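Notes for the structure review
Here's the letter readout for the chains.
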Amino acid sequence: MSKQSKRAKAAQIRETMAAEGEAVQENTKGFNQGRYDSVADLEDYQGLKDEARQIKEAAIEQLPELIEQLTETVEENGGTVYLAEDEADANEYIQSLVESGETVVKSKSMTSEEIEVNEHLESAGAEVVETDLGEWVLQLAEEEPSHIVAPAIHKSRASIAELFRERFDPDRPLETPEDLTAFASEQLASKFDDADVGMTGANFLTADSGTMMLVTSEGNARKTVAATDTHVAVAGVEKIVPSVEDLQPFVELIGRSGTGQDITSYISLLTPPVDTATFGDETIEGAEDREFHLVLIDNGRMEMREDEQLRETLYCIRCSACANTCANFQQVGGHEFGGETYTGGIAGGWETGVHGLDSSEEFVDLCTGCSRCVEACPVGIDIPWINTVVRDRINRGADDHAYDFLVDGLTPDAESGGMSYQKRFFGNFVTVAKLGSLFAPVSNWLADFGPNRWIAEKLLGVDQRRDMPTFQRETLKEWAGDRDGPTDPDREVLMLADTYTNYMHVERGKAAVRTLEALGVSVEVADVTESGRAALSQGMVETATKHGEAVAEELLPHIEAGRDIVMVEPSDLAMLRDDYGQLLDEKTYEQLSENSYEILEYVYGLLENGASADALADGDGEEIAYHGHCQQRTLGLAAHTEAVLEELGYDLITSDVECCGMAGSFGFKQQYYDVSMAVGEDLREQFSTPEAEGRTIVASGTSCHDQLTDLMKQDVPHPIELVAPLERA
Ligand code: SF4
């Protein structure tokens, strides 16, 4: 973090959370729950998502032809199309359509925010009036949007009422949402009457008919168009799809994904210019004067299309599901988790593409890569990967090379100088773990020694309030090397013990080995421990790739010999199942992905295939509260853990919070400690209810373990520790 110290960033985030966090939390969580409820009613949600994805992929592939086709269609319809290269070009054209002193009424459009059209028109003497309630509120308050669908999501009802009182001195109390909406409508009515130009965005544009689909919750877009003779629509080129039929899956998905509405209040399909209206044979006077201008914005999009890593961003339909489901966004909102225009997880891609890396650098580390957004995204964009790439580019472009000589050739990673020491420390944690284990218990004493914690915070930004995990002198690999497995095993497993399981949380690795052996499986522990997850989370893509190659080199011969790969840590499994698709060649990725299993997924499979649960610990009705890991849930694997625990007789309740807030190194970072704890608070509350109180808390992820241990002040075992037989079978 070159531009702002970690301490200053932490203070800024705290301030934003205090001012806006409550309203953002309430609204985003409401939208997110609405999405879950609404998509549950769909017969084939995944089918719709796949269809939507295919349409967007094909549209971006043929974008130059679609732009040409749309231009011809709109011009045949009597409108004008202007393809603007960038912000300045777009504004110059729009300005040419609006006379000084004229009034422009606008419906909500993020693309118009991107080009800052209001400021340009106002500086040329026009009056610009936002007619979306949220946008109007922000215009009055002189604030920036904090959410791509609900721009004033950070404002409470009380603060809006106060704003109206200050600005208009209303003659009646404005208390309810209805009072506020009615008052706003009254104020805006005269603006519509006086308006000369109506400006809208467009959610979709169809090349075959020139139809634009506008999705709003207030109907103001229709009024904007109907009340004026000149309609200017501003839309990014990526909004074009081939035909009107292609709109169908998006009609089903956009409202559900964003606000949890089965269908958005207003979906307008406009094919301007509107034919001259008639009453019978009589033409309405003046109706023939209507003008329509479609301003298609490039502003970096065609370059994004050529950029293999950023291209997927263009599939985005701006529904906001990724922001609503994001645990960090729910706490800090878009004024922190957003750039010059765009907010939430996908903003990393948008801001990099349209404004550049400097804008993304301000917020992209708030994406922890938990992957909950991927499942929520109606077009399945791999948002964490885009943000990883953005981080990697920021790392590589870092301009502080003053101390390069300290790291060149000395660090165990493949990155160039200039990158922050904090990222290097966490990205190379396997080296720290090896040394910590080698010198334990001295290393543990040193890590815990007050002055050293202070130094670690100053130098590396490791928050003093976090305890480093305890290094174990005997690693899992060493312990397992001394064991005799089952004499006549049914299956053979190579366990890829992640860095934490091998050097720190060795007890969970031992439990995994004992469980597998009890079920007739022989286990060998791999030499390699680091999947590359730690490096990838810091945007160190080249280093992560090298780790991935080392994993492949060791694991592939075992896979070819018929052994299964089993892992304890879900985030490392997600590397093999998912991220390696970006890092390794396709064949290697497929072999690793298809032959690797999470430990309880594997145990579930063994039990389903005839292994006896009698060999495992008996739950005997013990009450437990379980928190699944975010990536484990995205991979659809938490259900296996729940099923095994229930089969063994545990009385189970599960949390439904999206993320524990720790997210690997995120919660250890000084600048993000407060966000991490605020996110964890949801989990703490859920496990403090009368139903949960007194239960043994179990968690599948190392991060979840660390966070819950801090929050609940109790030990938090991995579920495999409850499943494992006490003695070897
Ligand atoms: S990335 Fe996906 S979830 Fe996020 S706004 Fe775009 S379409 Fe919606």
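As recorded in an unreviewed UniProt entry, the protein goes by the name Fe-S oxidoreductase, listed as coming from Halapricum desulfuricans.

Below, the discussion takes up the domain arrangement of the protein. Domain boundaries assigned for the protein yield domain 1 (61-303) and domain 2 (476-723). Computed from C-alpha coordinates alone, the two centres of domain 1 and domain 2 are separated by 48 Å.

A cluster of nonpolar side chains, contributed by V442, W445, L446 and F449, occupies part of the molecular surface with about 400 Å² of accessible area. Examined against the element boundaries, L446 turns out to sit in helix α22 (residues 442-448).

Time to look at the sheet that holds strand β15 (residues 564-567). Backbone hydrogen bonds hold the strands of a sheet together, and the pairing may be parallel or antiparallel. Pairing is parallel in the open sheet, where four strands are placed in the order β14-β13-β15-β16. A single partner strand is all that each edge strand has here, and the edge strands are β14 (521-525) and β16 (596-598). Geometrically, the sheet is characterised by an average inter-axis angle of 35° between neighbouring strands, direction not taken into account. Of the pairings in the sheet, the one linking strand β13 (residues 491-496) to β15 comprises four bridges and is parallel in character. Among the inter-strand pairings, L496 is bridged to a residue of β15, identified as M567. Packing of helix α28 (residues 541-560) onto the sheet brings it into contact with β13, β14 and β15, and relative to β13 it is tilted by some 175°. Running at roughly 95° to β16, helix α31 (residues 599-608) makes contact with β13, β14, β15 and β16 of the sheet.

Turning to empty space enclosed by the protein, a few remarks are in order. Under the criterion given, the structure shown has five cavities of 30 Å³ or more. Its volume calculated, the largest cavity comes out at about 520 Å³. As for the largest cavity, its lining consists of 33 residues, and the residues nearest its centre are R533, S537, A663, G664 and S665. Mapped by element, the contributors of at least two residues to the lining of the largest cavity are α21 (429-438), α25 (499-503), α27 (533-537), α29 (570-583), α32 (630-634) and α35 (702-712). Here the residues of the lining of the largest cavity sort into twelve nonpolar, twelve polar and nine charged. Volume-wise, the second largest cavity comes out at about 140 Å³. Around the second largest cavity, the lining comprises 19 residues; the ones closest to its centre are C326, C367, T368, G369 and C370. For the lining of the second largest cavity, the secondary-structure elements that each account for two or more residues are α13 (321-325), α14 (327-332) and α17 (372-376).

Turning our attention to the environment of R318. Tracing the sequence through the fold places R318 in the loop between α12 (301-306) and α13. Take R318: its relative accessible area is 9%, and that puts it in the buried class. At 3.5 Å, the side chain of R318 and the side chain of T111 are in polar contact.

This brings us to the pattern of salt bridges. Overall, the coordinates contain 37 salt bridges when judged by the stated rule. The salt bridge involving K155 is made with E143; its shortest N-O contact spans 2.9 Å. Taken together, the residues K155 in the loop between α7 (133-141) and α8 (157-168) and E143 in the loop between α7 and α8 connect sequence positions twelve residues apart. Given a relative accessible area of 14%, K155 falls into the buried group. With a closest N to O distance of 3.0 Å, D564 and R491 form a salt bridge. Here D564 is found in strand β15, whereas its partner R491 is found in strand β13, with 73 residues between them in sequence. The exposure class of D564 is buried, given its relative accessible area of 7%. Overall, R491 belongs to the partly exposed group, its relative accessible area being 40%. One salt-bridge network, in which partners are shared between bridges, spans E114, E238, R301 and R318.

Let's shift gears to the site of the ligand. The environment of the ligand is made up of 14 residues, and the closest members are C316, C319, S320, C322 and C377. Of the residues contributing to the shell around the ligand, the split by class is twelve nonpolar, one polar and one charged.

Attention now moves to the sheet that holds strand β17 (residues 623-627). The sheet built from three strands is open, its strands ordered β18-β17-β19 with parallel pairing. Bordering the open sheet on either side are β18 (651-654) and β19 (696-699), each of which pairs with just one other strand. Sheet twist, expressed as the average angle between the axes of neighbouring strands with direction ignored, equals 30°. Bridging between β17 and β19 involves four bridges; their strand directions are parallel. If you follow A625 over to β19, its bridge partner there is I697.

What follows covers the UniProt feature "coiled-coil region" (unreviewed entry) in the protein. Mapped onto the present numbering, the UniProt feature "coiled-coil region" (unreviewed entry) falls at residues 42-76. End C-alpha atoms of residues 42-76 are separated by 38 Å, and the span's content is 89% helix alongside 0% strand.

Before going further, it helps to spend a moment on the nonpolar core. The biggest cluster of nonpolar side chains holds 85 residues, and the ones touching the most others in it are L205, I240, L294, L296 and I381. Composition of this core by domain shows at least three residues from each of domain 1 (61-303) and domain 2 (476-723). If you look at the next biggest cluster of nonpolar residues, it comprises 40 residues, including A497, V566, I599 and V723.

Take the packing of helix α26 (residues 506-518) against α31 next. Look at α26 against α31: their axes get within 11 Å of each other, and the N-to-C directions meet at 10°. As judged from the angle between their axes, α26 and α31 are roughly parallel. Each of A512, T515 and L516 in α26 lies in contact with α31, whose residues at this interface are I599, Y602, V603 and L606. For the contact of α26 with α31, the per-class residue count stands at six nonpolar, one polar and no charged.

Pairing analysis gives five bridges linking β13 to β14, with the strands arranged parallel. Counted as the bridge partner of M495 is V525 from β14.

Next up on the list: a negative patch on the surface. Negative charge collects at one region of the surface, where E65, E68, E72, E75 and E76 lie side by side. For E72, the location among the structural elements is in helix α3 (residues 63-77). By relative accessible area, E72 is classed as partly exposed at 47%.

Here we take up helix α18 (residues 383-397). The terminal C-alpha atoms of α18, which comprises 15 residues, lie 21 Å apart, in line with the 21 Å expected from a rise of 1.5 Å per residue. Taking burial as the measure, the 15 residues of α18 include twelve buried ones, the bulk of the element. Listing the buried residues of α18 in full gives I383, P384, W385, I386, N387, T388, V389, V390, R391, D392, I394 and N395.

Turning next to the packing of α29 against helix α30 (residues 586-594). Orientation of α29 relative to α30, taken along the N-to-C sense of each, is 170°, at an axis distance of 8 Å. Taken together, α29 and α30 sit at an angle that is classed as roughly antiparallel. Along the contact surface, α29 presents L576, R577, D578, Y580 and G581, while α30 presents Y589, L592 and S593. Taken together, the residues of the contact of α29 with α30 break down into four nonpolar, two polar and two charged.

Moving on to unusual backbone geometry. Looking along the chain, the bond that leaves A440 and enters P441 is cis, with omega of 5°. The phi dihedral of E116 is positive, around 55°, even though this residue is not glycine. By secondary structure assignment, the location of E116 is in the loop between α5 (110-114) and α6 (117-123). Overall, E116 belongs to the partly exposed group, its relative accessible area being 38%. The backbone of D620 shows a phi angle near 50°, a positive value even though the residue is not glycine. Mapped onto the secondary structure, D620 falls in the loop between α31 and β17. The class of D620 is exposed, set by a relative accessible area of 66%.

Conventions used here
Residues numbered from 1 in each chain as written. Predicted model: local features only at pLDDT ≥ 70, side-chain atom pairs only at ≥ 80, totals over all residues. Heavy atoms only, no water. Domains from an automatic or database assignment. Patch = residues over 30% accessible without salt bridge, like charges linked within 9 Å, V, L, I, M, F, W, Y side chains within 5 Å. Areas by Shrake-Rupley, 256 points an atom, 1.4 Å probe, with all protein chains shown as cover. Salt bridge = Lys/Arg side-chain N within 4 Å of Asp/Glu carboxyl O. Helix = DSSP H or I, 4+ residues; strand = E, 2+ residues; numbered from the N terminus. Pairing = 2+ DSSP bridges. Axes fitted to C-alpha atoms, helices over the stretch in contact; angles between N-to-C directions. Contact = heavy atoms within 4.5 Å. 1 Å grid on protein atoms, 1.4 Å probe; cavity = no way out; pocket = protein on both sides within 12 Å on 5 of 7 lines; lining within 4 Å. Points joined across faces, edges and corners; volume = space filled by probe spheres on them. Nonpolar A, V, L, I, M, F, W, Y, C, P; charged D, E, K, R; others polar. Buried < 20%, exposed > 50% of the residue type's maximum accessible area, 1.4 Å probe, protein only. Polar contact = N/O pair within 3.5 Å; in protein donor to acceptor, adjacent residues only side chain to side chain. Near = heavy atom within 4 Å. UniProt positions renumbered as here; feature names shortened; annotations may be inferred. Core = buried A, V, L, I, M, F, W, Y, C linked by side-chain atoms within 4.5 Å. Parallel < 35°, antiparallel > 145°, perpendicular 65-115°, else oblique. Lys, Arg positive; Asp, Glu negative; His and termini not counted. Charge placed at Lys NZ, Arg CZ, Asp CG, Glu CD. Expected span 1.5 Å × (residues − 1).

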